[in-house]
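These are the residues of each chain, in order.
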Amino acid sequence: MARTLVVKVTAGSDAPERCAQAFTVAASAVAAGVEVSLWLTGESTWFALPGRAQEFELPHSAPLAELLHVLLTSGRVTACTQCAARRGITDADVLPGVRIAGAATFVEEALADDAQALVY
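**Points about the side chain of Thr78**
Point 1. Within the secondary structure layout, Thr78 lies in strand β3 (residues 76-80).
Point 2. Each residue touching Thr78, except ones within four places of it in the same chain, is listed here: Leu38, Trp39, Leu40, Arg99, Ile100 and Ala101.

**Section: the pairing of strand β2 (residues 35-40)**
Point 1. Counted residue by residue, β2 has 5 buried out of 6 residues, so it is predominantly covered.
Point 2. With 6 bridges joining them, strand β1 (residues 4-9) and β2 adopt parallel strand pairing. Opposite Thr4, over in β2, you have Glu35 as the bridge partner.
Point 3. For the crossover from β1 across helix α1 (residues 16-31) to β2, the handedness is right-handed.
Point 4. Note that β2 and β3 share 4 bridges and pair parallel. Across the sheet, residue Leu38 finds its bridge partner in β3, namely Val77.

**Thoughts on the sheet that holds β2**
Point 1. Strand order in this open sheet of 5 strands is β4-β3-β2-β1-β5, and the pairing throughout is parallel. Looking at strand neighbours, the two that pair on one side only are β4 (98-101) and β5 (115-119), the edges of this open sheet. Put simply, the sheet's adjacent strands are angled 25 degrees from each other on average, direction ignored.
Point 2. Running over the sheet, α1 touches β1, β2 and β5 and is turned about 165 degrees from β1.

**Let's talk about the packing of aromatic side chains**
Point 1. Under the counting rule described, the total for this entry stands at 3 aromatic pairs.
Point 2. An aromatic cluster is built from Phe23, Phe47 and Phe56, whose rings are joined through pairwise contacts.
Point 3. Between Lys8 and the ring centre of Phe106, over which it is positioned, the NZ or CZ distance is 4.5 Å.

**Quick look at the environment of Arg52**
Point 1. In this structure, Arg52 sits in helix α2 (residues 52-55).
Point 2. Separated by 12 residues in sequence, Arg52 and Leu64 have C-alpha atoms that sit 9.3 Å apart.
Point 3. Dropping the residues within four chain positions of it, Arg52 is found in contact with Trp46 and Phe47.

**Concerning the environment of Leu58**
Point 1. Relative to the helices and strands, Leu58 resides in the loop between α2 and α3 (64-74).
Point 2. Under the relative-accessibility criterion, Leu58 is labelled partly exposed at 22%.
Point 3. For the pair Leu58 and Val30, spaced 28 residues apart in sequence, the C-alpha to C-alpha distance is 21 Å.
Point 4. Ignoring sequence-local partners within four residues, the contact set of Leu58 consists of Pro16, Glu17 and Ala20.

**Thoughts on the packing of α1 against α3**
Point 1. For the pair α1 and α3, the least separation of the axes is 9 Å and the interaxial angle reads 40 degrees. On the basis of the axis angle, α1 is oblique to α3. In this structure, α1 crosses over α3, and the sense of that crossing is left-handed. Residues Cys19, Phe23, Thr24, Ala26, Ala27 and Val30 of α1 touch α3, and the partners they reach there are Leu64, Leu67, Leu68, Val70, Leu71 and Ser74.
Point 2. Broken down by class, the residue content of the contact of α1 with α3 amounts to 10 nonpolar, 2 polar and no charged.

Reading the values: rules and limits
Residues numbered from 1 in each chain as written. Predicted model: local features only at pLDDT ≥ 70, side-chain atom pairs only at ≥ 80, totals over all residues. Heavy atoms only, no water. Helix = DSSP H or I, 4+ residues; strand = E, 2+ residues; numbered from the N terminus. Contact = heavy atoms within 4.5 Å. Buried < 20%, exposed > 50% of the residue type's maximum accessible area, 1.4 Å probe, protein only. Pairing = 2+ DSSP bridges. Right-handed = clockwise from strand over helix to strand, strands pointing away. Axes fitted to C-alpha atoms, helices over the stretch in contact; angles between N-to-C directions. Phe/Tyr/Trp six-rings, centres within 6.5 Å; stacked < 30°, edge-to-face > 60°. Lys NZ or Arg CZ within 6 Å of the ring centre and 35° of its normal. Parallel < 35°, antiparallel > 145°, perpendicular 65-115°, else oblique. Left-handed = near helix turned anticlockwise from the far one by under 90°. Nonpolar A, V, L, I, M, F, W, Y, C, P; charged D, E, K, R; others polar.

Take a look at the structure:
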């Protein structure tokens, strides 16, 4: 049985290297044929909104918008319920393909027998 990679991003533009690393690892796993679930939490929750990933810049890093596109088309992207609520983000605001879900869903995914979870 194939394993699932669950990646939780806790940083956004406030810690650009950590943020970019999480997106890069997740997109690289998708490219390798791994099932990936990317969780946007904390400041990375803003990337669930249209145009926000395009604003992110980090020298020598793949464009975040391209990495997010890969994850939206070939993986699963979730914005944390509480993180979204604190930022006034609703289901109506997020990019197509982004779901909003809470801690119970994250725990279920992360503790699945075939899952490996990483937190950045």
